[in-house]
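As a plain string of letters, each chain reads:
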Amino acid sequence: MTSKTLPDLVPDAELNLPPEAERTLPNGLTVIAIRRSAVPLVEVRLRIPFGRAPLAPATLLSQALFTGTSAMSSIDIAAELQAVGGSLVAGLDPDRLLISGNALSDGLSRTLELLASVLTDATYPAEEVSTERERLVDHIQVALSQPAHLARVALQKRIYGTHPYAVQTPEPEEVRGVENAALRDLHDARLRPQGAILVLVGDIDPDQAIDTAEKTLGGWTGSAPDGSIEPTPLIETGPLLLVDRPGSVQSSLRLALPGIARTDADYPALTLANYVFGGYFSSRWVENIREDKGYTYGSHSLVEHFVAGSAWLAAAEVATEVTGPSLLETLYELGRIASLPPGEEELEQARRYALGTLRLGMSTQAGLAALASMYAGFGLRLDHLREHAASLTAATRDEVAAAAARYLAPSRAVIVVLGDADKIESQLSVLTAVERSAE
């Protein structure tokens, strides 16, 4: 690997965390308010537990949440938000419904009032829901034509089996069958404050912001059914799963290994081991299959976290004719990181990148709000960032090597390849056992 000049960055500099306050309101909503006064804005993130909600209705609900109340149309809501420099949108993942947006600081109260009206009085008008339904169906159909999406779908099914995380995108026909009455029923049952977390970040007084949230959202009441999801199953090794996509000019390589939670004592060392392997542009994997051999435009690895479990994932898109060699080099690099400690300079470069990325992620109001909301969903608070930074700084070469050996051994990896099976199966079968599957 080519030697690189490292930028001046003090890796053991302690993170300075901004002032914050937290309070659980009488209705069960937890509010975390953080002062970051860079610009006169406030970021809003509301996380509502949504695990085990029926997938098609929940996905459509996330798209149609702001289509109207008994007093306002979707246009009225958008105009009212725009008047205070604000916006609100909703999204869904396997664990939560996330409402996010921002507003001018002096518009926080009105923004939360509008949010409260949607939370307590959303009507899901039939015509608006029909529009959102067709838009969602179109979006899903486009995704189903994308190799990266299809490869992820195949990997999720392979590693999660019958677990709720195995399917995270509904079928178009399932969405077409969802009526607006089903959205109202789901809203009434699941959009409740008990267990929800509201994060406010910006040019605010934290205690006053929480008072505002209590005043505007205090009328939102009730608890939802238990949506907790059972722990994810152990990732079991087996034959490489080859998903046929006839005529494809590239292959999508996906690998998975068991991951660990952010609170695990090994997590900082695994974070650094992952960066050395494939977690950033100067990693070994990128240097090998992109810079040296030109097999791909990009490859990346990371630890993906859900509330019920974590997994290490690696992804690369490679030309069909070099599918086998790309997998060979990938397994070689996994074996190397699992068996040989990183060099001192190599580790230091990864450490500085990890610490710099951490600081960059919390350098803006929006980034800080995203981090605070994400951590809160796992029962953590911002002080975990300081602890994690200190652990990244302190992790030794031996600890990183031990974490790599424990968690990144290629013999434990699940492998999924999506591509033209007739052209790539022979390349792959000389490396490992192959199980062919229809798309």
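Remember, it's a predicted structure, so these values are computed and weren't measured experimentally. Residue positions are counted from 1 within each chain, in the order its sequence is given. Per-residue local features of the predicted model are confined to residues with pLDDT of at least 70, and side-chain atom pairs are confined, for both listing and counting, to 80 or more; whole-chain, interface and lining totals are unaffected and use all residues. Hydrogens and waters are ignored; side-chain quantities use all the structure's heavy atoms.

### Considering the pattern of salt bridges
Phase 1 of the analysis: One side-chain nitrogen of Lys or Arg within 4 Å of one carboxyl oxygen of Asp or Glu is enough to make a salt bridge. A full pass over the atoms with the stated rule returns 24 salt bridges.
Phase 2 of the analysis: In this structure, Arg152 and Glu304 form a salt bridge, with 2.9 Å as the shortest nitrogen-oxygen distance. In this pair, Arg152 sits in helix α5 (residues 147-160) while Glu304 sits in strand β9 (residues 296-306), placing the two residues 152 residues apart along the sequence.
Phase 3 of the analysis: Any residue under 20% of the maximum accessible area for its type is buried, any over 50% is exposed, and the rest in between are partly exposed; the area is computed with a 1.4 Å probe on protein chains only. The class of Glu304 is buried, set by a relative accessible area of 17%.
Phase 4 of the analysis: When the shortest N-O distance is used, the salt bridge between Glu291 and Arg290 registers 2.8 Å.
Phase 5 of the analysis: Taking the relative accessible area as the measure of exposure, Glu291 reaches 43% and is therefore partly exposed.
Phase 6 of the analysis: What makes Arg290 partly exposed here is its relative accessible area of 28%.
Phase 7 of the analysis: In the salt-bridge network here, residues are joined through shared partners; they are Asp244, Asp422, Glu425 and Arg436. The helix count covers DSSP runs of H or I at least four residues long, the strand count covers runs of E at least two residues long, and both are numbered beginning at the N terminus.

### Overview of the side chain of Thr216
Phase 1 of the analysis: Positionally, Thr216 belongs in helix α8 (residues 206-217).
Phase 2 of the analysis: What makes Thr216 buried here is its relative accessible area of 14%.
Phase 3 of the analysis: Only 2.9 Å separates the side chain of Thr216 from the backbone oxygen of Thr212, close enough to count as a polar contact.
Phase 4 of the analysis: Two N or O atoms form a polar contact when they lie within 3.5 Å of each other; inside protein one atom must be a possible hydrogen donor and the other a possible acceptor, and for residues adjacent in sequence the pair counts only when both atoms belong to side chains. Within the structure, the side chain of Thr216 is placed 3.4 Å from the backbone oxygen of Ala213, a separation counted as a polar contact.
Phase 5 of the analysis: For Thr216, the contacting residues outside a window of four places in its chain are Ser109, Leu112, Glu113 and Ala116. We call two residues contacting when some pair of their heavy atoms lies within 4.5 Å.

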